[in-house]
Amino acid sequence: MHHILPHEAALRGWLARRRAPAAFDVDDIVQESYALLAERERVDDILNPRAYLFQVAHSLVVRSIRRARIVPILAVEDLGLLDLPDDAATPEQRVIAHDDLRQLAEVIATMPGQTREAFVLRRVRGLSQREIASHMGLSENTVEKHIVRGLRWLADWFAGGGNPPAKSSNKMKREQRRAGARARNQPGH
């Protein structure tokens, strides 16, 4: 029950704020919610325990109101306003996540050419190493090395506090030579 119990206070507060709490007993709804959850073989497979608990409680409230002989009009109105707590990202969280993705894209853009291409094809597009090797005209072993290099690049970036890894002058010269050789081998040169 360590997945569910931490949400009891929030559930009680949510139930107490219903416009027609007289239509049901908060303690009864909480107790019945636990009873239904206890009937499950396990609860650790529930992806969002809080939302699940609130949905169970809401269903019990609806059932309670439907079975009541006299239903306050506010309770009927309340059924239409399902305002379960939303675990979706807040606007601030979305902006932060968007900024993190932008920064990640910038770091990936600073990776050496083939490393970047192999990394994006594998980690973003989901191609297999064999497909990438065929697409890039490289061996699968070389593709794997590029992907590992890309992962190290990101690890160095995170370890460096969000600063792209510095290239050694030898690496930069090698990359420039390779880029020049690739450009010369392109049709039309």
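My aim in this report is to walk through the structure given alongside it, one point at a time. Along each chain, numbering runs from 1 in the same order as the chain's sequence is written. Confidence filtering applies because this is a predicted model: local features only for residues at pLDDT of at least 70, side-chain atom pairs given and counted only at 80 or more, and all residues used for totals across whole chains, interfaces and linings. Calculated side-chain values reflect all of the structure's heavy atoms, with hydrogen atoms and water omitted.

### Considerations on the environment of asparagine 141
- In this structure, asparagine 141 sits in helix α8 (residues 140-159).
- In the structure, asparagine 141 is positioned 12 residues away from glutamine 129 in sequence and 8.6 Å away in space, judged by C-alpha atoms. A helix here means a DSSP run of H or I that spans at least four residues, while a strand means a run of E at least two residues long, and both kinds are numbered starting from the N terminus.

### So, helix α6 (residues 113-124)
- The terminal C-alpha atoms of α6 lie 16 Å apart, and with 12 residues this matches the ideal 16 Å at 1.5 Å per residue to within 8%.
- Relative accessibility thresholds used throughout: buried, under 20% of the residue-type maximum; exposed, over 50%; partly exposed, between the two (1.4 Å probe, protein chains only). Burial in α6 covers these residues: Thr115, Ala118, Phe119 and Leu121. Axial view of α6: buried residues confined to an arc of 165°, hence all on one face.
- With its phi angle positive at about 75°, glycine 126 sits one or two positions after the end of α6. By definition here, a helix of n residues has an expected span of 1.5 Å times n minus one. Arc definition: directions from the helix axis to the C-beta atoms.

### A closer look at the packing of α6 against helix α7 (residues 129-136)
- In this description, a line fitted to the C-alpha atoms serves as the axis of each element, helices being fitted only across the stretch in contact, and the angle between N-to-C directions of two axes falls anywhere from 0 to 180 degrees. Two elements in contact, α6 and α7, have axes separated by 10 Å at closest approach and are oriented at 140°. When the interaxial angle is binned, α6 and α7 end up oblique. Considering only the axes of α6 and α7, their crossing is right-handed. In this structure, α6 uses Gln114, Glu117, Ala118, Leu121 and Arg122 to contact α7, whose residues at the interface are Ile132, His135 and Met136.
- Within the contact of α6 with α7, the residues separate by chemical class into four nonpolar, two polar and two charged. Should an angle lie under 35 degrees it is considered roughly parallel, over 145 roughly antiparallel, and from 65 to 115 roughly perpendicular; all remaining angles are considered oblique. For any helix crossing, the convention is left-handed if the near helix is rotated counterclockwise from the far helix by under a right angle, and right-handed if that rotation is clockwise. Throughout, a contact is declared for two residues whenever any of their heavy atoms are within 4.5 Å. For this classification, the nonpolar set comprises Ala, Val, Leu, Ile, Met, Phe, Trp, Tyr, Cys and Pro, the charged set comprises Asp, Glu, Lys and Arg, and every other residue, Gly included, is treated as polar.

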